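An overview of the molecular structure
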Amino acid sequence: MELSTFNRVFSLVSLCLLVMLHFTLNLASDSSDEANALVKWKDSLRNHDQSLLPSWTLYPVNSTQLSACTWAGISCDHAERVESIILTNTSLEGTLDEFSFSLFPHLLYLDLSMNQLFGSLPPQIGNFSNLTHLDLSNNQLSGNIPPEIGLLTHLEILHLSFNQLNGSVPEEVGQLSSLKELVLSHNNLGGLIPSSLVNLSNLAQLSLSNNSLSGSIPKEIGNLKLLFRLELKQNQISGSIPPSIGNMSNLEFLYLDKNSLSGSIPHFMENLKSLSDLRLCETQLSGLLPSFIGNLNNLKYLYLCHNNFSGSIPKELGKLKSLSYLGLNENQLSGSIPVSIYNLSDLKFLILSDNSLSGSVHQEIGNFMNLTGLVLQDNHFTGNLPHSVCRSGSLKYLDVHDNHFFGPIPISLKNCTSLVRVLVGHNQLTGHITKDFGIYPNLTFLDLSHNKFYGEISSNWIKCPQLSTLKIAWNQITGRIPPEIGNSSRLHVLDLSSNHLVGKIPKELGKLVSMNNLVLNGNQLSGGIPQELGLLIELEYLDLSANRLNKSIPNDLGYMLKLHYLNLSNNQLNL
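Counting restarts for each chain: residues are numbered from 1 in the order of the written sequence. Residue-level local features of this predicted model are given only where pLDDT is at least 70; pairs of side-chain atoms are given and counted only at 80 or more, and the full residue set underlies all totals for whole chains, interfaces and linings. Only hydrogens and water are set aside; all other atoms, that is, all heavy atoms of the structure, feed into the side-chain values.

Looking at the overall build of the chain
A run of H or I in DSSP becomes a helix once it reaches four residues, and a run of E becomes a strand once it reaches two; helices and strands are each numbered from the N terminus. For the chain, the helix and strand inventory stands at 2 helices and 43 strands. Across its three principal directions, the C-alpha atoms of the chain cover 125 × 60 × 45 Å. Residues counted as buried form 51% of the 575 residues belonging to the chain. Long-range pairs, those at least 24 residues apart, make up 48% of the contacts in the chain between residues at least 6 apart in sequence. Accessible areas in this description were obtained via Shrake-Rupley with a 1.4 Å probe; residue shielding takes into account the shown protein chains only. As displayed, the chain has an accessible area near 25,200 Å², and 51% of this comes from carbon and sulfur atoms. We treat Lys and Arg as the positive residues and Asp and Glu as the negative residues; His and chain ends play no part in the count. The atom standing in for a charge is NZ when the residue is Lys, CZ when it is Arg, CG when it is Asp and CD when it is Glu. Looking at the chain, you have 34 positive and 45 negative side-chain charges, and the mean spots of the two groups are 12 Å apart. Exposure is judged per residue with a 1.4 Å probe applied to protein chains only, and the accessible area is read against the type maximum: over 50% gives exposed, under 20% gives buried, and values in between give partly exposed. Note on contacts: a residue pair qualifies if any of its non-hydrogen atoms lie within 4.5 Å across the two residues.

Okay, structure coming up:
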């Protein structure tokens, strides 16, 4: 090889080595800067002791391997630059003020959710120029969302829910053209919904619920044709539902409940064929329930409660074969339950309470083989309760109080051990209180008051270990109060008033230390007031009036410091 050729090759190799050395030194420098920045931020946290993120420790200064890539929650790219920080639910407590945003140009993924971060969201967050995923939800962050958030043009996921952020949603969010999920729910955000959001054509989820947003829904909202989830519930949004929503053919979840909308359910919502969950409760909507809802055959959840809907329940709802939950309560609906409704074999909850519905409940209700809740209270229903009401064996909640039902308790209820709450009060039901009811291991609430039940309270019948409320007032119950009732340790409310009970008040009631309300008035109870009642230190309401009690009033009643109502009148007590 000639000398000149050798010199040229040598020079070229030397240059390559210098470039590689320079790159390696820069790489080490960049990695060191990132590691130092992370430790600096960790040290700024209130809980920066070694028990938090113990792997976040710097190597000796003269080391060439200073890198955060092996630390907990940190992932790096092939060049050992930090591209992911995931510290979900790691008890971080502090601010983001000392986080050096500009030193992480390669960061793609930042998840600090479910911690105790507080303070504001620094505007420097806009330096994360390559960030695709930002999740700071479930913290205590406050202040405004900085407009610099709009600089994160690669962002696909933005979750800031369950914080204390205030101010308005910045218009700059509309610049995030790659955004697929925008979740800002459960904050204190106010102002209007930015019209710029309708430019986010890739958006699949928009969640702004549980804030104080006002104004109307942007009329161009239908531009978000990829949206499958729209949550605007519990705000102060007004106006009508914009027609463009009918263009959102991919929409599966629509939550507009707890707002101040006007008008009726618009006809263009018939186009939402993918809709699975529709919630319009407490929106002040009115008019008739449209029959086209029966064509939304993917619906599983339909909640239209607490509005001003009138007229009858459309028979077309019986076509919703996938429906699991139907809530039409607290409206002005009238007429009877359409027979077609009984064909909804997958129905789990039927809630029709607080309307003006009438007629009878058909035996076909036994077709609901997955029925968990039947809530019909405050209507004008009549006839017998269907004997098949607990045919499924899964019924937990039965509430038919304040109707005109008569006749016996359904046979299927006696062995319905799944029951948790039973309210059949204020009807004209009859039957033997012991023979027609069973023992319910999960029962917490039982209201049989204002009916025509008779018989004695069985000591076995009280064996419901979870029972907290027992109301049998205004019936025809006879016999004594069984002392075993003192074993119902969770009992808070006991109302046996206006019956024909005799004998003494059991001293065992003094064992019910969680009792708040004890109502035994209007019976024929005799003897003295047990001094053990003085042990009921949580008692707030005590009515023993209109009985045949005698002897002296125990001094122990003076220990009931929370008692705000006491009625012992119409007895023969010695004062």
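What follows picks up the thread again.
Things to note about the confidence of the model for the chain
Each residue carries a pLDDT score, the predictor's confidence in it, ranging from 0 to 100. Taken as a whole, the chain shows an average pLDDT of 91; of its residues, 93% reach a score of 70 or greater. Predicted confidence for residues 5-29 stays below pLDDT 50, and this span has 5 contacts to residues more than four positions away or in other chains.

Things to note about the pattern of salt bridges
One speaks of a salt bridge when a side-chain nitrogen belonging to Lys or Arg is within 4 Å of a carboxyl oxygen belonging to Asp or Glu. Using the criterion set out here, one finds 8 salt bridges in the structure. As a salt-bridge pair, Arg-279 and Asp-277 come within 2.8 Å of each other at their nearest N and O atoms. Given a relative accessible area of 26%, Arg-279 falls into the partly exposed group. With a closest N to O distance of 3.5 Å, Lys-315 and Glu-316 form a salt bridge.

What about a negative patch on the surface?
Nonpolar side chains (Val, Leu, Ile, Met, Phe, Trp, Tyr) within 5 Å and like charges within 9 Å form the patches, drawn only from residues with over 30% relative accessible area and no salt bridge. Judged by side-chain charge, Glu-282, Glu-330, Asp-354 and Asp-402 come together as a negatively charged surface patch. Relative to the assigned elements, Asp-402 resides in the loop between β28 (397-399) and β29 (404-408).

A word on the packing of aromatic side chains
Centres within 6.5 Å are what make two rings of Phe, Tyr or Trp a pair, Trp counting through its six-membered ring; a difference in plane orientation under 30 degrees is then read as stacked, over 60 as edge-to-face, and the rest as tilted. One pass over the full model with this rule turns up 15 aromatic pairs. A centroid spacing of 5.7 Å and a plane angle of 75° characterise the contact between Phe-437 and Phe-453, whose relative ring orientation is edge-to-face. In this pair, Phe-437 is assigned in the loop between β31 (428-432) and β32 (445-447) and Phe-453 in strand β33 (residues 452-456), connecting sequence segments 16 residues apart. We note that Phe-437, like Phe-453, is buried. Measuring from centroid to centroid gives 4.3 Å for Tyr-541 and Tyr-565, while their planes differ by 10°, and the two rings are stacked.

Regarding the sheet that holds strand β3 (residues 93-94)
Two strands pair if DSSP finds at least two bridges between them. If you trace the 4 strands from one edge of the open sheet to the other, you get β3-β5-β7-β9, paired in parallel fashion. Two strands close off the open sheet at either side, each with one partner strand: β3 and β9 (164-166). Of the strand pairs in this sheet, strand β7 (residues 140-144) and β9 are connected by 3 bridges, and their pairing is parallel. Paired with Gly-143 across the bridge in β9 is Leu-165.

Brief notes about the side chain of Asp-135
You can see Asp-135 is positioned in strand β6 (residues 133-135). Summary of buried charges: Asp-135 has no salt-bridge partner, and the nearest side chain of opposite charge, Arg-229, is 14 Å away. The term polar contact refers here to a pair of N or O atoms within 3.5 Å; inside protein, the definition further demands a hydrogen-donor-capable atom paired with an acceptor-capable atom, and it admits residues adjacent in sequence only when both atoms are side-chain atoms. Only 2.6 Å separates the side chain of Asp-135 from the side chain of Ser-137, close enough to count as a polar contact. If we skip the residues at most four places from it in the chain, Asp-135 touches Leu-110, Asp-111, Leu-112, Ser-113 and His-159.

Notes on unusual backbone geometry
With the exception of glycine, the majority of residues adopt a negative phi angle, and the majority of peptide bonds are in the trans configuration. If you check the backbone angles, Glu-80 has positive phi at about 60° while not being a glycine. Relative to the helices and strands, Glu-80 is located in the loop between β1 (74-76) and β2 (82-86). A positive phi angle, near 60°, is found at Asp-402, a position not held by glycine.

Notes on the state of the cysteines
The criterion for a disulfide is a pair of cysteine sulfur atoms lying within 2.5 Å. With the rule as written, the count across this model stands at 3 disulfides. Across the disulfide from Cys-69 sits Cys-76; the S-S distance is 2.1 Å. With the S-S dihedral at roughly -100°, the linkage between Cys-69 and Cys-76 falls on the left-handed side. You can call Cys-69 partly exposed: its relative accessible area is 22%. Taken in sequence order, the bonded cysteines of the chain link in the pattern 1-2, 3-4, 5-6.

Things to note about the environment of Leu-285
Within the secondary structure, Leu-285 sits in the loop between β18 (277-279) and β19 (286-288). The exposure class of Leu-285 is buried, given its relative accessible area of 0%. Along the primary structure Leu-285 and Leu-304 are separated by 19 residues, whereas in three dimensions their C-alpha atoms are 9.0 Å apart. If sequence neighbours within four positions are ignored, Leu-285 has contacts with Ile-241, Leu-261, Ser-262, Gly-263, Ser-264, Ile-265, Leu-280, Asn-307, Asn-308 and Phe-309.

Considering the sheet that holds strand β13 (residues 212-215)
Read from one edge to the other, the open sheet built from 4 strands follows the order β11-β13-β15-β17, with strand pairing classed as parallel. Two strands close off the open sheet at either side, each with one partner strand: β11 (190-192) and β17 (260-261). Where β13 lies against strand β15 (residues 236-239), 2 bridges are found, and the strand directions are parallel. Paired with Ser-214 across the strands is Gln-236, a residue of β15.

A word on the pairing of strand β41 (residues 548-552)
Direction of pairing for strand β39 (residues 524-527) relative to β41: parallel, over a ladder of 2 bridges. In the strand pairing of β41, Ser-526 is matched with Arg-548. Direction of pairing for β41 relative to strand β43 (residues 572-574): parallel, over a ladder of 3 bridges. Within β43, the position partnered with Lys-551 by the bridge is Leu-573.

With respect to the pairing of β13
A regular strand places its side chains so that they alternate between the two faces of the sheet. Strand direction decides the pairing type here: β11 and β13, joined by 3 bridges, are parallel. In the strand pairing of β13, Gly-191 is matched with Leu-213.

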